[in-house]
Structure formats: C-alpha cells, structure tokens
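Commentary on secondary and tertiary structure
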Amino acid sequence: MQLFKRLAAPAVAAAIALSPSAASAQQFINVLTGGTSGVYYPLGVALAKIYGDNIEGVKTQVQSTKASVENIKLIAQGRGEIGFALGDSVKAAAEGNAEAGFPQKVEKLRAIAAIYPNYVQIVASKDSGITDLASLKGKALSVGAPASGTELNARAIFSAAGMSYDDLGKTEYLPFAESVELIKNRQLDATLQSAGLGVASIRDLAASIPITVVAVPAEIAEKLGAPFQAVEIPAGTYDGQAEAVPTLAITNILVTSSDVSDDLAYQMTKQLFEHLPDLVAAHNAANGIDPKTAAKNLPVPLHPGAERYYKEAGLL
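First things first, this report covers the structure right here in the doc. Owing to the predicted nature of the structure, the values given are computational and were not obtained by experimental measurement. (Residues numbered from 1 in each chain as written. Predicted model: local features only at pLDDT ≥ 70, side-chain atom pairs only at ≥ 80, totals over all residues. Heavy atoms only, no water.)

**Some words on the overall build of the chain**
When you go through the chain residue by residue, the secondary structure sums to 11 helices and 10 strands. C-alpha extents for the chain along the principal axes are approximately 90 × 40 × 40 Å. A buried classification covers 48% of the 316 residues belonging to the chain. About 14200 Å² of surface is accessible on the chain, with carbon and sulfur atoms providing 51% of the total. Of the charged side chains in the chain, 25 are positive and 31 negative; the average position of the first set lies 7 Å away from that of the second. (Helix = DSSP H or I, 4+ residues; strand = E, 2+ residues; numbered from the N terminus. Buried < 20%, exposed > 50% of the residue type's maximum accessible area, 1.4 Å probe, protein only. Areas by Shrake-Rupley, 256 points an atom, 1.4 Å probe, with all protein chains shown as cover. Lys, Arg positive; Asp, Glu negative; His and termini not counted. Charge placed at Lys NZ, Arg CZ, Asp CG, Glu CD.)

**What to know about the packing of helix H3 (residues 68–76) against helix H4 (residues 87–95)**
The geometry of H3 relative to H4 is characterised by a closest axis approach of 9 Å and an angle of 45° between their N-to-C directions. With respect to their mutual orientation, H3 and H4 come out oblique. Crossing geometry of H3 relative to H4 is assigned as right-handed. Taking contact as the criterion, the partners of Ser68, Val69 and Ile72 in H3 are, on H4, Ser89, Val90 and Ala93. A breakdown of the residues in the contact of H3 with H4 according to their chemical character gives 4 nonpolar, 2 polar and no charged. (Axes fitted to C-alpha atoms, helices over the stretch in contact; angles between N-to-C directions. Parallel < 35°, antiparallel > 145°, perpendicular 65-115°, else oblique. Left-handed = near helix turned anticlockwise from the far one by under 90°. Contact = heavy atoms within 4.5 Å. Nonpolar A, V, L, I, M, F, W, Y, C, P; charged D, E, K, R; others polar.)

**A closer look at the nonpolar core**
Within the largest apolar cluster, 101 residues are counted, with the highest numbers of intra-cluster contacts made by Leu136 and Leu279. Of all the elements, strand E4 (residues 109–125) adds the most residues to this core, at 11 residues. Non-local contacts of Leu136, meaning those with residues more than four positions away in its chain, are made with Ile122, Ile130, Leu141, Phe158, Met163, Leu168 and Ala190. (Core = buried A, V, L, I, M, F, W, Y, C linked by side-chain atoms within 4.5 Å.)

**Observations concerning the pattern of salt bridges**
One pass over the full model with this rule turns up 13 salt bridges. Between Arg155 and Glu99 there is a salt bridge, with the nearest N and O atoms lying 3.8 Å from each other. Here Arg155 is found in helix H5 (residues 149–160), whereas its partner Glu99 is found in the loop between H4 and E4, with 56 residues between them in sequence. Overall, Arg155 belongs to the partly exposed group, its relative accessible area being 27%. The exposed category is assigned to Glu99, whose relative accessible area is 61%. Of the charged contacts, one joins Asp204 and Lys184 as a salt bridge, the two residues approaching to 2.9 Å between their closest N and O atoms. (Salt bridge = Lys/Arg side-chain N within 4 Å of Asp/Glu carboxyl O.)

**Some points on the environment of Val300**
Tracing the backbone shows Val300 in the loop between helix H10 (276–282) and helix H11 (304–312). The buried category is assigned to Val300, whose relative accessible area is 7%. Each C-alpha atom of the pair Val300 and Lys223 lies 23 Å from the other, and the pair is 77 residues apart in sequence. Those residues in contact with Val300 that sit more than four places away from it in its chain are Val90, Ala94, Leu109, Arg110 and Ala111.

If you want it as structure tokens, here you go:
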C-alpha cells in the first residue's frame, strides 16, 4: 500500500499540473461591444479574432451589450478585459457623474486607445416632415437604449439646443435595430444613433424607405465643448442623402481595468495596431483609427501596458 502511494503521488501531481483548472497560463479576454446592428459589435468580433490568433495562451469571447455605460460598469466589475465606450461616457465615469449612471468615480478605468469617432446621426422618415432639431418637437423619437452612451449624447444635444424630452410627442429608449423597425412600421418618426459612419441599422432604413438626415448645427458642439466636435456626415453615406449634413462627433475609446496585467494590456494594444487592416475589413469606421493620436487627449490614464507599447512604437 505504501508503495502504491509513493508511485501514485507523482502521477496525481502531474495530472493536476496538466488539468485545465491548473493551466493558469491561459488568459481570457472578454471583448465588450454593443448591439449587433451597431459598429462596436463587428469591430469587437474582429478584435477578438485578432487576439485569439496572435496572443499566445488566450481564449476570447465577444459580448453584445448596451454599449458604453454598461461596458464601463462591466469593466469595473471585472467582467470584461476590454470594451468600447464613447469619450463622454468615459469622462463621466472618471468624474463620477451620477446622472450618467456613475454615482462614484470608476477608479480602475484605464485606456488602451482612442479609436474612431462616433457621429451623432439623427435620421427621420421623409414622411414625418422632420427637417431640423426644432421640428422634432411633438414627434416620436428613439434616443437609444436607456442610459447608453447614445442616450447620454441625446440628452446633451437636447440641453444645448434648449430642448428636452418633454418637447417630444413620444420618447422611446430602444437599440438601433428595433428603432429602425418601428420607423419602417410607421410607429416612430425618427431615431438618434451615435455610431460610426455607415452603421448597418441606418443603411437598412435608408434602403427601405425615403429618409432625412437631420442637421445638428456646429454651435451645439461649441456649447458642449470637448469631447464633442463639429463634423459632417459626407454626402452619399446613406441612400437618398444627396448632401453633406452637419452634426457632432465624439471619440470612441477602448477601455480596460487597472486589474488587467501589464503584459496582457501591452499585447492587446500591440495586436490592435499591428492588425488594423483586419478591423477595417470588418467595418469602414476603423479607417478613423490613427496610432498617432490614439494615446492623446484621453479622459482616463493609459494602462501602463498600453503606455509601454506606445513608447516602444515611438508614439509617446
């Protein structure tokens, strides 16, 4: 019996060492995105594949969420390693803005990179007669999922324009795809979507019915200040959009937690920039990602691992 124990002990130890639970070398990356009809999701799928293919010992997963605010909260709870978020939501989290959904400062929030800009895109059915912000009064508008980054943008724009949701005939808090379906069915007049240009939901709407892309004047951006900036939605971005339309843009940020190891954050940053063409192939919005500006004007500190990459690449 003693002999058996002596022989069995090394075998048991070896089995434990090789078991999945003991193989702690494998790391997990949960990529937090947004609704499946937005831009975050296809880019998140591409990013997860890049990480899975190029970071040794990593297993990846893509999670569809309500986007910015939820992603930041999941990061803070240790339930995601990297997530997409709008710059104003990140700023609100860092400052502890209760109205934006952050009653306390999110102390562990760190940046991986500033990526492409989100364009505020207010799109109405042509039949609604909506042509500008003022003509939204009395109409039915979807402002995005409750407390999402999109919905925070909607609140900010209405405030700067001297309006509120009370001016609307009906306010819906719906994801992009659901908003579009209601407009097609004449149950909704317009949708406000904060997303990359050419977002699938609006492309779908424009291909189905005549639309109007509603202008957001440059003075709204001036009133709101950073991180908002005045931009244009280029002519022809959507079917039936003959002219460029002024609106606002807000930079998107890939965020992580200070609890993520320096080595993993370094690899997540390095692989992002070494495989940018893969992201562009997933969605044209990724053309707006510029390594030269990715580490600048961030509302939260860079993760030390990301900072290491930028220094190595001569970008900091």
